[in-house]
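# Descriptive analysis of the structure
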Amino acid sequence: MALLDVQNLSVSFSIQDRKLHAVRDVSFQLNEGEIIGIVGESGCGKSALVQSLLRLIPSKIETGKVLFDGVDLLQLTPERLRAIRGREIGMIFQDPMTSLNPTMQIGAQITESILYHRLAAPKAAQERAIELLRLTGVPDPEARYTQFPHQLSGGLRQRVLIAIALAAKPRILIADEPTTALDPTIQAQILHLLKQLKMSQIVITHDIGAVASLCDRVLVMYAGKIVEAGTAQDVLTAPKHPYTKMLLYSLPTLQTKRGEKLYAIEGSPPSLFTPPPGCPFAARCPHAMNICAREFPPTHENTACWLHNERNVNAFATDPR
Ligand code: SF4
């Protein structure tokens, strides 16, 4: 059985009396010890998806289940869900400066989680906090324990956030763009650290390089839907969905010259207030057929695209553009 089994999850937000369909019929499984990367452009629903798993945002669950160890998190009372947050599923957010309490010593911020979940007495919690700072690569952890967030660099602050997320020994770690606010050298160090943890993780990123070095499997999201999924190796070296291909093509390579303009996908994603009935990528896709705008393609071989669907032969035969 998968450690986390997300089934047909749809999530919406109410904005000025209008409904924004942020996550649409998303299903995936996370196995023990596996690292899944979720990639896609800003606004494609990545953060709304993972934050809805733990009901961290005021979203409305339209449909679906989030089974953790067989228990549907969406059916739990607020008290039971609070007991799972941090204790069973830890979370690292994007910006370490705004995620840490600027008025509290970092050591106290780590022990807070240990004490909240009653995992140790105060003295043992302090020892565990120092051990976590050491584990996450914070130099001189005993001295750092009493420092405040503003006394640490961005990279060290992110390590402290990881230490807090690990404090209660969760079984799953969710990292929402954990390296976005950091410079490239520190990004590489944080990704290396996450890899070393050897635990089940969901990592949201728009950095495909991060996926290559860290993840076992990748989910590609577009307009609130998963349009392609597969092993990191398969998706990065042999992408099937046109959006994934264009996303990869837009990355700089070793051959890219200084000052050279990078490829950008023309157009923009559809409004999620009124998502189109067909493939959401149709307006930007160079391969779009008439059927694409009419009907959302069923997923075939982990790819939601009419070009890769068993019905594609009929689609081409009866509906060529
Ligand atoms: Fe392009 Fe059609 Fe495939 Fe969508 S379903 S990605 S529009 S070919």
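Before reading further, recall that the structure is shown in the block above.
These lines cover the structure that appears in this document, whether it is placed above or below. Just so you know, the residues in each chain are numbered from 1, in the order the chain's sequence is written. Residues qualify for local features only when their pLDDT is at least 70, as the model is predicted, and side-chain atom pairs are given and counted only at 80 or more; totals for whole chains, interfaces and linings, by contrast, use all residues. Values reported for side chains reflect all heavy atoms of the structure, with hydrogen atoms and water molecules removed beforehand.

Before going further, it helps to spend a moment on the overall build of the chain. Each helix and strand in the chain was counted, giving 13 helices and 10 strands. With C-alpha atoms as the basis for the radius of gyration, the globule rule is written as 2.2 Å multiplied by the number of residues raised to the power 0.38. A globule of 321 residues ought to have a C-alpha radius of gyration of about 20 Å, and the chain, at 21 Å, matches this closely. Partly exposed describes any residue whose relative accessible area lies between the buried limit of under 20% and the exposed limit of over 50%, with all areas from a 1.4 Å probe on protein chains only and scaled to the type maximum. Within the span of the chain, comprising 321 residues, buried residues form 50% of the whole. Taking as baseline every contact in the chain between residues at least 6 positions apart, the subset at least 24 positions apart corresponds to 64%. Here a helix means four or more residues in a row that DSSP labels H or I, a strand means two or more in a row labelled E, and each is numbered from the N terminus. Residue contacts are defined here by distance: any two heavy atoms, one from each residue, within 4.5 Å place the two residues in contact.

Okay, the site of the ligand next. Proximity criterion: a residue is near a molecule or strand once any of its heavy atoms comes within 4 Å of it. Around the ligand lies a shell formed by His241, Pro242, Cys279, Ala282, Cys285, His287, Ala288, Cys292, Pro297, Cys305, Trp306 and Leu307. The nonpolar class holds Ala, Val, Leu, Ile, Met, Phe, Trp, Tyr, Cys and Pro. Asp, Glu, Lys and Arg form the charged class, and all remaining residues, Gly among them, are polar. Here the residues of the shell around the ligand sort into 10 nonpolar, two polar and no charged.

Among the buried residues, those of types Ala, Val, Leu, Ile, Met, Phe, Trp, Tyr and Cys that are joined through side-chain atoms within 4.5 Å form a nonpolar core. Ranked by internal contacts, the top residues of the largest apolar core, which has 97 residues, are Leu4, Phe28, Ile38, Leu49, Leu53, Leu73 and Ile202. The dominant element in this core, judged by the number of residues it contributes, is helix H7 (residues 154-166), at seven residues. Contacts of Phe28, omitting those with residues within four sequence positions, involve Leu4, Asp5, Val6, Ile36, Leu49, Ile202, Leu219 and Ile226.

The element strand S3 (residues 35-39) is largely enclosed, with a buried count of five among its five residues. Neither face of S3 is open: one carries Ile35, Gly37 and Val39, the other Ile36 and Ile38, and all of them are buried. Note: two strands are recorded as paired if DSSP finds a minimum of 2 bridges between them. Sheet topology note: the S3/strand S8 (residues 200-204) ladder contains four bridges and is parallel. The partner of Gly37 across the bridge, within S8, is Val203.

Note: most residues except glycine have negative phi, and most peptide bonds are trans. Even without a glycine there, the phi angle at Asp140 is positive, about 50°. Mapped onto the fold, Asp140 is located in the loop between helix H5 (122-135) and helix H6 (141-144). Positive phi, normally seen in glycine, also occurs at Glu301, with a value near 50°. Tracing the backbone shows Glu301 in the loop between helix H12 (290-294) and helix H13 (312-318). The class of Glu301 is exposed, set by a relative accessible area of 54%.

This brings us to the pattern of salt bridges. One side-chain nitrogen of Lys or Arg within 4 Å of one carboxyl oxygen of Asp or Glu is enough to make a salt bridge. Under the defined criterion, the tally for this structure stands at 11 salt bridges. For the salt bridge of Glu177 with Lys46, the shortest nitrogen-to-oxygen distance reads 3.9 Å. Taken together, the positions of Glu177 in the loop between strand S7 (172-176) and helix H8 (184-196) and Lys46 in helix H1 (residues 46-53) put the pair 131 residues apart, joining distant regions of the chain. Just as Glu177 is buried, Lys46 falls in that class too. For Glu127, the salt bridge identified is with Lys123, shortest N-O distance 3.8 Å. Separated by four residues within a single helix, Glu127 and Lys123 lie in helix H5, roughly one turn from each other. Members of the salt-bridge network, linked through shared partners, are Lys19, Lys60 and Glu62.

Next up on the list: the pairing of strand S1 (residues 4-15). Taken together, the seven bridges between S1 and strand S4 (residues 60-68) define a ladder with antiparallel strand orientation. Bridging across to S4, Ser10 finds its partner in Thr63. One ladder, built from nine bridges, connects S1 with strand S2 (residues 18-30); its direction is antiparallel. Looking across to S2, one finds that Ile15 is bridged to Arg18. With antiparallel pairing between neighbouring strands as the criterion, S1 and S2 make up a hairpin whose turn holds two residues, including Gln16 at a positive phi of roughly 45°.

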